[in-house]
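Tertiary structure, described
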Amino acid sequence: MESFSKVINGMLAISIVPFIMLNVLGSIVSTIWLLFLGEWRLVVMGVIFILISSFVISILLLPTMGFMYLILKSLEKNRRVLVAIVGWLNLTYTHVIGLVWTIGIFILMFNIAGDGNVFPYLLFGYGLATGPYAYMASKEDREATGSHMTVWLLQFAYALLFLFYYVSSTLIALPIILIVTLLVEIWLLKIGMIYHKLDTQHAQ
């Protein structure tokens, strides 16, 4: 647990400043840039997309309610192995939806840019990809570690795709994203099991 915590905490510490800059300035800079290029239709569609995307994602994540029900029932019966398996399935499903969403928007913005300067388009796409998840996570408690880590993971994935595109090695980003996703899932599962163990001890 300690080794995983060091890895995750290290990645969080390294990424916190770039992500804050992207979250605060990315949408503003890219929107102004695109308007200057005459891409007002894209900006308007982006605003509409942001407004409806949280609802769409919520529908896609409905199966997680079933996973959570199974987790709660397994916890009641103290079936720790089953809790770990269903918990991992829950995290994997959530992250797969998020990563497919994020990578899909990255590809979409790249295609929209065409032969022009892709930078403002990809920067605009960062907000479209991560904004809905960040909004939904902001509505949850600070203790909702899984939701906040999902947001961080998607921000990391998009930023990594962005970075590796400019060194002409976009495909290399995919296995890195997969490895980091697995590390995050293992870390979250271990934290969840530790919290459950502590709660059980207090209840006794």
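To keep things clear, this report deals only with the structure shown in the data block. Here the residue numbering is sequential within each chain, running from 1 through the sequence in written order. Only residues with pLDDT of 70 or above have their local features reported here, since the model is predicted, and side-chain atom pairs are shown and tallied only from 80 upward, although totals for entire chains, interfaces and linings are computed over all residues. Note: side-chain values were computed over all heavy atoms of the structure, leaving out hydrogens and water.

A few words on the overall build of the protein. Labels follow the DSSP assignment, with helices taken as runs of H or I lasting at least four residues and strands as runs of E lasting at least two, numbered in each case from the N terminus. Counting its regular elements, the protein contains seven helices and zero strands. Under the scheme applied here, a residue whose accessible area is under 20% of the maximum for its type counts as buried, over 50% as exposed, and between as partly exposed, the area being computed with a 1.4 Å probe on protein chains only. Here the protein, with 204 residues, has 38% of them falling under the buried criterion.

Looking at the element boundaries, Q155 is found in helix α6 (residues 145-165). Taking relative accessible area as the criterion, Q155 reaches 8% and is therefore assigned buried. In protein, a polar contact means a hydrogen-donor-capable atom and an acceptor-capable atom, both N or O and within 3.5 Å, with residues adjacent in sequence counting only if both atoms are side-chain atoms; elsewhere, any N or O pair within 3.5 Å suffices. A polar side-chain atom of Q155 sits 3.3 Å from a polar atom in the side chain of N23. Throughout, a residue-residue contact means that at least one pair of heavy atoms, one from each residue, lies within 4.5 Å. Contact partners of Q155, with chain neighbours within four places excluded, come to F19, N23, Y126 and T130.

Orientation is described by axes fitted as lines to C-alpha atoms, over the contacting stretch for helices, and by angles from 0 to 180 degrees between their N-to-C directions. Where helix α4 (residues 80-113) contacts α6, the two axes come as close as 10 Å, and the packing angle between them is 35 degrees. Between α4 and α6 lies a crossing of right-handed hand. Contacts from T94, H95, G98, L99, T102, I103, F106, M109 and F110 in α4 reach T150, L153, L154, A157, Y158, L161, F162 and Y165 in α6. Side-chain classes follow a simple rule in which Ala, Val, Leu, Ile, Met, Phe, Trp, Tyr, Cys and Pro form the nonpolar group, Asp, Glu, Lys and Arg form the charged group, and the remainder, Gly included, forms the polar group. When grouped by side-chain class, the residues that make up the contact of α4 with α6 number 12 nonpolar, five polar and no charged. For any helix crossing, the convention is left-handed if the near helix is rotated counterclockwise from the far helix by under a right angle, and right-handed if that rotation is clockwise.

This brings us to helix α3 (residues 63-76). Expected span of a helix, by definition, is 1.5 Å for each gap between consecutive residues, and there is one gap fewer than residues. Between its first and last C-alpha, α3 extends 21 Å over 14 residues, near the 20 Å set by a 1.5 Å rise per residue. Among the residues trailing α3, N78 stands out with phi positive, at a value near 55 degrees.

With that out of the way, let us pick up α4. Taking 1.5 Å per residue as the helical rise, α4 with its 34 residues ought to reach 50 Å, and the 49 Å between its terminal C-alpha atoms agrees with that figure. Positive backbone phi, at 65 degrees, marks G114, one or two positions downstream of α4.

Turning our eyes to something else, we now look at the packing of aromatic side chains. Ring pairs shown here join Phe, Tyr and Trp side chains whose ring centres sit within 6.5 Å, with only the six-membered ring taken for Trp; geometry is labelled stacked below 30 degrees between planes, edge-to-face above 60, and tilted in between. This model, assessed by the stated rule, comprises 11 aromatic pairs. With a centroid separation of 5.4 Å and 75 degrees between ring planes, the pair formed by F106 and Y158 is classed as edge-to-face. Residue F106 is found in helix α4, and its partner Y158 is found in helix α6; the two are separated by 52 residues along the sequence. Taken individually, F106 and Y158 each receive the classification buried, so the pair is uniform in this respect. Between F119 and F162, the ring centres sit 5.4 Å apart and the planes meet at 55 degrees, which makes this aromatic pair tilted. Taken together, the residues span a long stretch of sequence, with F119 in helix α5 (residues 119-138) and F162 in helix α6 at a distance of 43 residues. A network of ring pairs unites the aromatic residues W33, F110, F119, F162, Y165 and Y166 as a single cluster.

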